[in-house]
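A structural walkthrough
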Amino acid sequence: MVWLPAATVAGALVVLMLGTLATVLGQTGLPRPGAADLAAMRFTVTQAAVSAAVSVLLAVPVARALARRRFAGRAALVSALGAPFLLPVIVAVLGLLAIFGRGGVLNTGLGAVGLPPVGIYGFHGVVLAHVFLNLPLAVRIVLQGWQSIPAERFRLAAALGFGPRDVWRHLERPMLRAVVPGALLAIFVICLTSFAVALILGGGPRATTVELAIYQAIRFDFDLPRAAMLAAVQFALCGVAVLLAAVVIAPAGAGGGLDRPVQRFDSAGVGLRLWDGLLIVLVGLFLLAPLAALALRGLAGLADLPLSVWQAALRSVLVALPSAALAVGGALVLGIAIVRDGAGWRGRGIELAGMLPLAASSLVLGTGLFLTVFPQIDPARLALPVTTLVNAALALPFALRLILPDLRQLEATQGRLARSLGMDGMARLRLVTLPRMRRPLGFALGVCAALSMGDLGVIALFAAEGGETLPLQVYRLMGAYRTEAAASAALLLVGLSLALFWLFDRGGRLDASA
Amino acid sequence: MRLPLLAAALVLSGGMACADRPVLTVLTYDSFVADWGPGPAVEAAFESVCGCDLRLIGAGDGAALLARVRLEAGRGTTDVVLGLDTNLTAAATATGLFAPHGITARTDLPVPFDDPHFLPFDWGWFAFVHDRTRMPDPPRSLAALAGSEARIVIQDPRSSTPGLGLLMWVKAAHGDAAADIWRGLADNIVTVTPGWSEAYGLFLQGEADMVLSYTTSPAYHLIAEGDDTKAAAPFEEGHYMQVEVAGMLASAPQPDLARQFLEFMLSDAFQSILPETNWMYPAVTPAAGLPEGFAGLHVPERSLLLTPDEAQALRDVAVQEWLDALAR
């Protein structure tokens, strides 16, 4: 009952990811990587590992601060923190440069007080941008972990006279062991396929990633076997990362609770409050200042945007909704099977299938799909269905990572009772899983819808007359000198993404008091 | 529930073609088909004379176009491919997918152009564009730029056609000394971007003093924005050209319409659309002349352009030279 749907979804993902790769490869064997490819792999892995480590290291204290503080605007802040994650890459980079760039706010400020400017281009720039883009995801995954510790635990801790250090040792550290490896894994794999960010902020060809090599192989050399080989390398790196994370991940042991609102008795000290406040303000500034710069630039031109941009916006929303539903539905099916299997090989295999899309090269995926349907079907007629499907597949790993910790917890706390009642299948889904998963599911739906809005993915190869999505329009405006209009269209994109995200996230939290 | 469905139907129906007229499919780059590009006007103008339905399909940028043609490999419905440049035409001809156009055309390019498979529709000179108010006295040659303190942003030749154009520029101007020029330029390069849009965006945001673009770029700012601060720096070695071409496929389902379109492409109706939508020089100067904003543009005395075969032969060597110089 659990395995058949999970195997179907996992199988579909594997066929979509590896099947397209095989199609691109064609009849030849995988070529061997050259010296330049090895250098690109080294750089790719290094920057991804450092970016993931820095993002999660920062996310832990920030998530803790957000978990134990209540303040006006907290919910709005938590929502808005997700925005960088949803930006088209070049827009995010321009926003970041408005603050940290040569002519940015930071260097203008430094210059005003007589200090030398700080350069952003180089390895540190790549990491800075990846942290900017992925810290929100890390914070949300870790915050989700904190929120899964039942209120009763904190009450008990208070009754036992626990200080912050004891709470850390007995409640928070075990929770982090369950949550942190997953967050590291997700961000590492996302950064594996980075291309434009790494190249632009890396300052030149030293920052060549595997994805750039794939671009070159397909577009200039039309060397499809080489592109397939490089894409296979990305999948292999993803596979190694998933297995490593699986070894480290420990199931959460916080146990069940009665869903009372959490009260934190351990964090009333003035020093702690100041520290948490400072963290929240600093991270808020880091993530929101570049967005504010974008908003300032884009706001004026919003009303003058051409009609085609608004049509593209509608089209993007219509793609995002079914994409999100597909992604979260698929992730739920996979997630239930994974936690049911505990640490067994079937669960690991399904989890790996669920993570594969993160490591997919969108160019190889698009090319493979094109070769599959062509020439039987005119690709232009499939533009929107293919975009919907691919966006769903690419968003699924995020949904999986976001709901997996809660599913594990649910299995630990309610699994035995459900089994002893002989409750399985739809009944268990309806009565146990869905009600208790509302919050993470709503959040995952929001993230997936927003991701689908922002993703450019494979649309370019399938683009039809009148089939443009909003991100594609942003790029087209930029490609025609219309930087101001592009800024407005990007603002519209962020606004719509955030609105979708907020709607679903809110929906998931209705009647939840925390 | 009904409203979203209705909206979906409206949106999806955008791509459907009329049933009774023959359809001519032209594959081109993205910025050509955009609302603000030449596409809509070209479509209206051609449809008023051809009795056909012109479908303009955007497929990424210039480099992506050839990859798309090779993916289709003659099995598709594409008739005409519009938007390759002469750095790509040797590879395009070698695929055997393009048919000779058989058209003798007179063009106003500053260099002779004769290719049995491809006809030029517009062209431009590459140039480093700067802001006059921030940089009143720009370097006057590639060599001077390499020796200067100017901060520039360029495109990656492995993913972008202007990036590849700059490689050819340095090669055509300095030959065997190209590697020295690149070593000199290495410390001027703020960063390298995947495509033209990112580089130009960085320049406008003040990240660099100069950006690799076209001598016609200042015309956009002048005409569309009333801004006369942007200028292209004249270089003594001469300026390398980008010639954008179109060709018809051997597999074109509508070969006669395709040829008619290529002829139309060099007519006044098509050519006069280009300057203020594609911001390049039209291949045939329109009868009414160029728009006023083009008059003040820098016109290089020397035009550099390698033949397609030379460009093809030099590409791998030049990219490696570039990588070696910049990856120190």
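As shown above, the structure is provided for reference.
Described below are features of the structure shown in this document. From a predicted model like this one, the values you see are computed outputs, not experimental measurements. (Residues numbered from 1 in each chain as written. Chains lettered and ligands numbered in written order. Predicted model: local features only at pLDDT ≥ 70, side-chain atom pairs only at ≥ 80, totals over all residues. Heavy atoms only, no water.)

Attention now goes to the packing of aromatic side chains. By convention here, two paired aromatic rings are described through the distance between centres and the angle between planes. Per the stated rule, a full pass over the model turns up 29 aromatic pairs over all chains. Geometrically, the ring pair formed by Y481(A) and W196(B) is edge-to-face, given 4.9 Å between the ring centres and 80° between the ring planes. Of this pair, Y481(A) sits in the loop between α20 (470–478) and α21 (483–509) while W196(B) sits in helix α9 (residues 196–204), each in a different chain. For the pair Y481(A) and W196(B), a shared accessibility class is recorded, and that class is buried. (Phe/Tyr/Trp six-rings, centres within 6.5 Å; stacked < 30°, edge-to-face > 60°. Helix = DSSP H or I, 4+ residues; strand = E, 2+ residues; numbered from the N terminus. Buried < 20%, exposed > 50% of the residue type's maximum accessible area, 1.4 Å probe, protein only.)

With that settled, the discussion passes to the nonpolar core. F128(B) and W182(B) are the most contacted members of the largest nonpolar core, which has 292 residues in total. Per-element accounting of this core gives the leading share, 17 residues, to helix α16 (residues 383–420) of chain A. (Core = buried A, V, L, I, M, F, W, Y, C linked by side-chain atoms within 4.5 Å.)

Between chain A and chain B, the contact holds 58 residues from the first and 67 residues from the second. Across the chain A/chain B interface, buried area totals approximately 5400 Å², and carbon plus sulfur atoms make up 61% of it. If you look at where chain A meets chain B, you find three salt bridges. Its salt-bridge partner being D30(B), residue R476(A) comes within 2.7 Å of it at the nearest N-O pair. Summed over the shared surface of chain A and chain B, the result is 14 residue pairs in polar contact (both at pLDDT 80 or more). Mapped by element, the contributors of at least two residues to the side of chain A that touches chain B are α4 (89–100), α9 (196–202), α10 (210–220), α13 (307–340), α15 (362–373), α19 (459–462) and α20 of chain A. (Contact = heavy atoms within 4.5 Å. Buried area = accessible area lost by both parts, 1.4 Å probe. Salt bridge = Lys/Arg side-chain N within 4 Å of Asp/Glu carboxyl O. Polar contact = N/O pair within 3.5 Å; in protein donor to acceptor, adjacent residues only side chain to side chain.)

All chains considered together, the criterion is met by 22 salt bridges over all chains. A salt bridge links E351(A) to R408(A); the nearest nitrogen and oxygen atoms lie 3.9 Å apart. On the criterion of sequence distance, the pair formed by E351(A) in helix α14 (residues 345–355) and R408(A) in helix α16 is long-range, its members being 57 residues apart. On the basis of relative accessible area, E351(A) is assigned to the buried category, the value being 5%. Where salt bridges share partners, they join R315(A), E468(A), R476(A) and D30(B) into one cluster.

Let us look at unusual backbone geometry. Residue and element names in this part refer to chain B. Its identity is not glycine, yet A73 carries a phi of approximately 50°, on the positive side. Within the secondary structure layout, A73 lies in the loop between α4 (62–72) and β3 (80–85). We classify A73 as partly exposed; its relative accessible area is 37%. At W279, a position not held by glycine, the phi torsion is positive, near 55°. Assignment of secondary structure puts W279 in the loop between α12 (268–271) and β11 (281–282). Accessibility expressed as a relative area gives 4% for W279, which makes it buried.

On to the packing of helix α2 (residues 35–68) of chain A against helix α8 (residues 164–192) of chain A. Residues and elements named next belong to chain A. Put simply, α2 and α8 touch, their axes get as near as 8 Å, and they point 145° apart. For the crossing formed where α2 meets α8, the hand is right-handed. On α8, the residues that touch T44, V45, Q47, A48, A49, S51, A52, A53, S55, V56, V60 and R64 of α2 are W168, E172, L176, V180, A183, L184, I187, F188, C191 and L192. Here the contact of α2 with α8 is built from residues that sort into 16 nonpolar, four polar and two charged. (Axes fitted to C-alpha atoms, helices over the stretch in contact; angles between N-to-C directions. Left-handed = near helix turned anticlockwise from the far one by under 90°. Nonpolar A, V, L, I, M, F, W, Y, C, P; charged D, E, K, R; others polar.)

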